Amino acid sequence: MTTHQYTNHDVAEHLRLIANLKEIKGEGRFHYLAFRNAAEVVDSLGEDINDIVAAGKLTDLPSVGKGVAEVITQFLASGDSDLAAKLRDQVPISLIDLLAVEGLGPKKVARLWQELGITTLDELKAAAEAQKIRQLKGFGAKSEEKILKGIDLLARRGDERTPLGVARPAVLGLIADLKAALPDDAITAIEPAGSVRRWKESVGDLDILAITPRPAEVMAAFCSLPQVRDVLWRGETKSRVRLKDGLECDLRAVAQKHWGTALQYFTGSKQHNIELRELALKQGWSLSEYDLEATGRGDAPAGEKRHFAAEEALYEFLGLDWIPPEMREARGEIALARTHNLPRLITTADIQGELHGHSNWSDGKATIQEMAEAAIARGYKYWLLSDHSIGLGVTGGVDSEKLAQQRDIVEELNQGWADAGVDFRLLLGVELEILADGRLALTNDVLAKLDVVVASIHSSLRQDRETITRRALNAINNPHVDILGHPTSRMLSRRPPTEIDMERVMRACAETGTVLEINAHPVRLDLNDVHARRAVDLGCKIAISTDAHRPQHMDFIEYGVAVARRAWLTSENVINTLPWDKMQQALK
DNA sequence: GCCGTTTTCGGCCCGACTGTTTTCAGTCG
């Protein structure tokens with residue numbers, strides 16, 4: 001069995017290191033951008049790059065040519081590359097840290113190094129405090145102040161991204177407060193843009209786009225919102241603030257006629273936009289956030305402008321179907337839109353019920369009946385009660401006897417709904433603990449009596465790759481285990497995924513008909529989008545569930561559906577879009 | 001360094017804002 005030492009992410013980081021060193025060294029823009037582009041490609045790859053190298057398919061990847069392929073091959077074999085070694089001889093590697101300081105880019109870092117001999121953050125701080133930096137042409141007192149502030153910020157904040165589950169409510173709150181602070185006619189339209197609109201699992205900052213006849217008034221109100229700690233930029237049409245919780249937020253104001261191009265532009269992703277602009281250029285148009293302008297190389301006379309009040313019209317003009325924001329990651333969606341082959345993405349309306357949830361019999365906060373009634377209120381046709389089994393220390397889990405008691409309750413409740421003509425079924429299952437040694441916490445004869453079994457790992461999360469993978473495979477190979485819950489056990493910005501070999505797990509699920517869960521809780525989002533895409537490519541079925549521990553958690557379903565949409569999933573890929581009888585047939 | 005619906009050579013997205021400038025380079029998204 002192949003156990004690889006270096007992951008896709010390791011490779012991407014190595015390529016980024018090379019790009020950064022090349023940039024500081026002053027190599028041409030396109031030489032280092034090539035490495036950065038390749039890093040993005042490798043990072044969003046569903047397959048293990050070791051397998052791609054083994055198959056000799058490396059240069060089939062976009063942005064990977066001879067040079068990048070050579071680096072990747074060397075890195076996978078040795079953990080380093082000749083190119084990186086050569087660059088480290090020429091450029092002090094600690095300069096990379098300086099790039100993280102706000103306002104410092106490669107050009108300035110290179111000058112600080114060459115003209116003042118600064119190579120570390122400590123030296124940079126000392127030089128700024130001693131007012132030595134202002135001696136350099138192009139730097140002044142304000143530059144020193146900004147550098148010191150930047151270093152301070154870096155020490156306190158790190159470079160962590162914010163989970164979508166925090167960012168999305170924050171941006172919706174800002175929009176609501178901004179509207180409330182202004183007269184009704186000041187804002188014609190306002191929307192979150194950027195990675196929040198693309199439902200990316202974590203975001204670097206917040207973006208808001210507004211149509212307004214009076215941008216100055218809107219900018220002023222925005223900069224004085226109570227959430228704002230610092231105003232970083234304040235312009236006519238664009239402002240950037242730092243909020244009290246440390247998040248940064250951009251607001252852009254545009255005129256009505258620019259809405260289509262502006263919303264498209266500020267939604268990104270950056271790479272999607274670059275591809276779209278390249279496509280426009282081929283058709284003789286230069287695309288900006290304001291308009292399309294003819295370059296003169298196409299049919300229209302140079303300088304002719306086209307405006308788009310809606311995104312759909314812009315995409316259509318370029319010969320494309322409208323691309324849902326969740327797909328705009330430069331993963332081949334533009335080619336599909338061109339040939340009218342975009343998938344019909346799943347929506348929350350397709351969800352017929354949930355297949356993972358808890359009651360106060362384990363660590364949930366509501367009764368079985370309360371949870372089921374919340375599911376009914378959402379229009380679901382079924383809901384799986386799956387309390388933790390015994391074997392998980394922190395929650396008094398259910399055993400054979402308690403499951404029998406739950407069965408009585410479930411049957412009584414179902415009878416009541418049937419008598420009342422309510423089209424709903426409460427299903428009885430369990431969230432089965434996969435123990436540290438790979439055994440399951442309940443016996444097969446107990447599991448056989450349940451409607452659906454979700455098996456999950458909650459403990460011994462630091463086991464090595466082989467051990468924890470075998471643990472999951474034991475569960476997958478059990479004929480009674482229907483669903484593998486939150487497969488990597490990661491918690492966004494709290495703990496990393498386990499070392500589990502997802503490629504092996506997904507292949508085993510495809511072979512056995514075991515369903516993989518997209519856990520919709522915004523802290524988990526596990527499977528993530530890349531894994532979900534790969535799982536479906538390998539023939540796996542998916543379930544999307546919120547893992548609700550109280551009724552309100554069922555609102556999280558939109559986060560899980562968003563992961564599925566980012567993975568290009570349709571309702572056919574997801575079993576809980578089926579009516580309950582067909583759904584049960586889809587289980588093994 | 002990568003890439004091809006004009007191309008194996010000659011391109012490679014576009015604009016706002018800042019700090020330092022007397023007209024712009026650098027950074028950022």
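Criteria and cut-off values
Residues numbered from 1 in each chain as written. Chains lettered and ligands numbered in written order. Predicted model: local features only at pLDDT ≥ 70, side-chain atom pairs only at ≥ 80, totals over all residues. Heavy atoms only, no water. Helix = DSSP H or I, 4+ residues; strand = E, 2+ residues; numbered from the N terminus. Buried < 20%, exposed > 50% of the residue type's maximum accessible area, 1.4 Å probe, protein only. Lys, Arg positive; Asp, Glu negative; His and termini not counted. Salt bridge = Lys/Arg side-chain N within 4 Å of Asp/Glu carboxyl O. Near = heavy atom within 4 Å. Polar contact = N/O pair within 3.5 Å; in protein donor to acceptor, adjacent residues only side chain to side chain. Nonpolar A, V, L, I, M, F, W, Y, C, P; charged D, E, K, R; others polar. Contact = heavy atoms within 4.5 Å. Phe/Tyr/Trp six-rings, centres within 6.5 Å; stacked < 30°, edge-to-face > 60°. Pairing = 2+ DSSP bridges. Axes fitted to C-alpha atoms, helices over the stretch in contact; angles between N-to-C directions. Parallel < 35°, antiparallel > 145°, perpendicular 65-115°, else oblique. Left-handed = near helix turned anticlockwise from the far one by under 90°. Core = buried A, V, L, I, M, F, W, Y, C linked by side-chain atoms within 4.5 Å.

A. Region of the structure containing the side chain of R168. Locating R168 in the fold gives a position in helix 10 (residues 164-180). E558 provides the closest opposite charge to the buried, salt-bridge-free R168, at an N-O distance of 4.8 Å.

B. Broad picture of the protein's contact with DNA strand B. Taken together, 46 residues form the shell around DNA strand B, and within it S63, G65, G140, Y265 and R277 come nearest. Sugar and phosphate atoms constitute 73% of the interface atoms of DNA strand B, taking the interface as everything within 4 Å of the protein. For DNA strand B, a base nitrogen lies 2.4 Å from a polar atom in the side chain of Y265. Broken down by secondary-structure element, the contributors of at least two residues to the surface near DNA strand B are helix 2 (29-43), helix 4 (66-78), helix 7 (106-116), helix 9 (141-157), strand 5 (228-234), strand 6 (238-243), helix 14 (270-282) and strand 8 (285-287). Split into classes, the residues belonging to the surface near DNA strand B amount to 17 nonpolar, 13 polar and 16 charged.

C. Spotlight on the environment of V64. Relative to the helices and strands, V64 resides in the loop between helix 3 (49-54) and helix 4. Taking the relative accessible area as the measure of exposure, V64 reaches 5% and is therefore buried. Note: C-alpha distance between V64 and A38 (26 residues apart in sequence) is 5.9 Å. Sequence-distant contacts of V64, that is, excluding residues within four places in its chain, are made with A38, L58, T59 and A69.

D. Region of the structure containing the packing of aromatic side chains. Taken as a whole and judged by the stated rule, the model has 7 aromatic pairs. Summarising the aromatic geometry, the rings of Y265 and F266 are spaced 4.7 Å apart at their centres and angled 80 degrees between planes, so their arrangement reads as edge-to-face. Residue Y265 is classed as partly exposed on the basis of its relative accessible area, which comes to 28%. Considering the side-chain rings of F556 and Y559, the 6.2 Å spacing of their centres and the 75 degrees angle between planes classify their relative orientation as edge-to-face. On the basis of relative accessibility, which here comes to 7%, the residue Y559 falls in the buried class.

E. Spatial organisation of the environment of E511. Note that E511 resides in helix 21 (residues 502-512). Judged by relative accessible area, which is 72%, E511 ranks as exposed. In this structure the C-alpha to C-alpha distance between E511 and P62, which are 449 residues apart in sequence, comes to 30 Å.

F. Here's a closer look at the pattern of salt bridges. Applying the stated rule across the entire model yields 39 salt bridges. Between E217 and R214 there is a salt bridge, with the nearest N and O atoms lying 2.5 Å from each other. A relative accessible area of 29% means that E217 is categorised as partly exposed. Measuring nitrogen to oxygen at the nearest pair gives 3.4 Å for the salt bridge that ties D451 to R407. Taken as a pair, D451 in the loop between helix 19 (444-447) and strand 14 (452-456) and R407 in helix 18 (residues 400-419) lie far apart in primary sequence, 44 residues in all. With relative accessibility at 25%, the residue D451 sits in the partly exposed group.

G. Structural context of the pairing of strand 5. The pairing of strand 5 with strand 6 spans 5 bridges and is classified as antiparallel. Bridge pairing in strand 6 places W233 opposite R240. With antiparallel pairing between neighbouring strands as the criterion, strand 5 and strand 6 make up a hairpin whose turn holds 3 residues.

H. Quick peek at the sheet that holds strand 9 (residues 292-294). Spatially, 8-9-10 is the arrangement adopted by the 3 strands of the open sheet, whose pairing is antiparallel. Looking at the sheet topology across the chains shown, the edges are occupied by strand 8 and strand 10 (305-306). Alignment of strand 8 against strand 9, held across 3 bridges, turns out to be antiparallel. Bridged to S286 within strand 9 is E293. Helix-sheet contacts for helix 14 involve strand 8 and strand 9, and the interaxial angle to strand 8 is about 160 degrees.

I. Local environment of the packing of helix 1 (residues 8-25) against helix 4. In contact at an axis separation of 10 Å, helix 1 and helix 4 are set at 125 degrees when each is read in the N-to-C sense. It follows that helix 1 is oblique to helix 4 by the angle criterion. Viewed along their axes, helix 1 and helix 4 form a crossing whose handedness is right-handed. Contacts between helix 1 and helix 4 involve D10, V11, H14, L15 and I18 from the former and V68, V71, I72, F75 and L76 from the latter. Tallied by class, residues from the contact of helix 1 with helix 4 come to 8 nonpolar, 1 polar and 1 charged.

J. Main features of the sheet that holds strand 11 (residues 353-354). The 7 strands are arranged 11-12-13-14-15-16-17 in an open sheet whose pairing can be described as parallel. Either end of the sheet is taken by a strand with one partner, and the two such strands are strand 11 and strand 17 (542-545). With 5 bridges connecting them, strand 13 (residues 425-433) and strand 14 associate as parallel partners. Directly across from L432, in strand 14, lies its bridge partner A455.

K. Representation of the nonpolar core in the model. Core analysis: the largest hydrophobic core is formed by 99 residues, its most contacted members being L178, L206, L426, L432, L516, I542 and I544. Here I542 is in contact with V515, L516, I518, L527, A535, V536, L569, N573, V574, I575 and N576, once residues within four sequence places are set aside. If you look at the next biggest cluster of nonpolar residues, it comprises 47 residues, including V42, L87, A127 and F139.

Take it as geometry only, folks, not as evidence of what the structure does.
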